[in-house]
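Analysis of the macromolecular model
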Amino acid sequence: MASPSEDMQSHLGDLQKEVDFLHNENQLLEGYLQRVAASLLVSVAEDERQKGSTKKRGTSRGGGKKEEWHGLSLEEKNEIVSTEIEVYQAAIERAQEAGERECMEVATMLSEVDRRVAETKKDMYEFKRDVIVGAENMRTGKTMAEKMLKIMDERLKEKAAVTEKLHSKNHALKVQVRKTEQQLHQKEDMGEVLHVVDFDQLKIENQQYLDRIEERNTELLRLKATTGKAVQRKMLEKETAERKEQLARFENDWSKANTDKTAAKKTLQRLQAEQQDTDLPQIIDYIKVKAEIGDLEKKLTDWGRKIEIADMDHARTKKIHSALTALPGTTVQVP
């Protein structure tokens, strides 16, 4: 069994939850009252005054019964909560849109800053290259004023051209915005502005078109499947015809190979028969004859060299004999 202190703590917790709930409800009602129009407040005050005067008359006449106010009904609370939810959602959407706009503006500013930083670095590099270094007099070491003024004039002309280009682009954009606004006003005057009903009708038509597109896609897939099967059948028929042609070529090549094989067998048998014939010289006899011919050619070459040597000795001997014969009182016997 729980002690009285625990019961008191539990009761205190329940009271605290009820207080928090009433506090949140009061804040919600205060926010709702702050957004209610002043005319509504005036009408409510007039109703209260009328009720008060009626109460006074009833009190003076009949001893007066006091009407009690029992608070807001559940339907009224539900309506107020729904209104507050819509207001908060609208505020959240506005905050999100504002945040997105600010993010886009910050991103645009950052890109602009990056572009300007890059342009500044480029201008600094070109100024250093063309003025500080390029316009320096090699003899005196000073910057030539004429060259510097010329470079600055060129830079100013470039900036003026860019400015004129931006002005032209800005003017064209303004003209485009003006034309768009005029077209919008004309549509509003002609009653062509789309309302909520028109948007709902467009949503319904869009859904109908999407359903039709889905049906067409399903039919297209079915036709693709059927066409794919037909294409596969044609491809199989084509492949079968090609295989048949290859088989016919293979059979033709096979018959030719058999014919060539038969002819080769006959040639081999003829050669074997000729080889077995005893009247024909054997291979060993051919080798021996070839060796004898080689020996004879070698001997012929040797004898030719010996004859050349003998001719040379004979010629030399004749020269010596002729020389000795020419000497007076010398008799030489020729061998």
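Structure's up top.
A quick note: this is a predicted structure, and the numbers were derived from the prediction, not measured.

What follows is about a nonpolar patch on the surface. On the surface, Phe-127, Ile-132, Val-133, Met-148 and Met-152 cluster together to form a nonpolar patch covering roughly 410 Å² of accessible area. Those elements that provide at least two residues to the nonpolar patch are helix H3 (74–133) and helix H4 (145–189). The biggest single contributor to the nonpolar patch is H3, with three residues. Its place among the elements puts Met-152 in helix H4.

This next bit is on the pattern of salt bridges. One pass over the full model with this rule turns up six salt bridges. Among the salt bridges present, the one from Glu-112 reaches Arg-116, with a minimum N-O distance of 3.0 Å. With a gap of four residues between them, Glu-112 and Arg-116 both fall in helix H3, about one helical turn apart. The partner of Glu-119 in a salt bridge is Arg-115, and the shortest N-O contact between them spans 2.5 Å. In this pair, Glu-119 and Arg-115 are both assigned in helix H3, four residues apart and thus about one turn of the helix distant. What makes Glu-119 partly exposed here is its relative accessible area of 33%. For Arg-115, a relative accessible area of 40% translates into the label partly exposed.

A few words on the packing of aromatic side chains. Here the structure, examined in full by the defined rule, presents zero aromatic pairs. Looking at Lys-306, its charged tip hangs above the ring of Trp-303, at a distance of 4.6 Å from the centre.

Another aspect to go through is the packing of H3 against H4. Contact pair H3 / H4: the axes reach a minimum separation of 10 Å and the direction vectors enclose 150 degrees. Here H4 runs roughly antiparallel to H3, going by the angle between their axes. Note on packing geometry: the crossing formed by H3 with H4 is right-handed. Packed against H3, whose contacting residues are Asp-123, Glu-126, Phe-127, Asp-130 and Val-131, the element H4 presents Met-148, Ile-151, Met-152, Arg-155 and Lys-159 at the interface.

Let us look at a negative patch on the surface. The grouping of Asp-211, Glu-214, Glu-215 and Glu-219 at the surface amounts to a negative patch. Tracing the sequence through the fold places Glu-214 in helix H5 (residues 196–276).

Conventions adopted
Residues numbered from 1 in each chain as written. Predicted model: local features only at pLDDT ≥ 70, side-chain atom pairs only at ≥ 80, totals over all residues. Heavy atoms only, no water. Patch = residues over 30% accessible without salt bridge, like charges linked within 9 Å, V, L, I, M, F, W, Y side chains within 5 Å. Areas by Shrake-Rupley, 256 points an atom, 1.4 Å probe, with all protein chains shown as cover. Salt bridge = Lys/Arg side-chain N within 4 Å of Asp/Glu carboxyl O. Helix = DSSP H or I, 4+ residues; strand = E, 2+ residues; numbered from the N terminus. Buried < 20%, exposed > 50% of the residue type's maximum accessible area, 1.4 Å probe, protein only. Phe/Tyr/Trp six-rings, centres within 6.5 Å; stacked < 30°, edge-to-face > 60°. Lys NZ or Arg CZ within 6 Å of the ring centre and 35° of its normal. Axes fitted to C-alpha atoms, helices over the stretch in contact; angles between N-to-C directions. Parallel < 35°, antiparallel > 145°, perpendicular 65-115°, else oblique. Left-handed = near helix turned anticlockwise from the far one by under 90°. Contact = heavy atoms within 4.5 Å. Lys, Arg positive; Asp, Glu negative; His and termini not counted. Charge placed at Lys NZ, Arg CZ, Asp CG, Glu CD.

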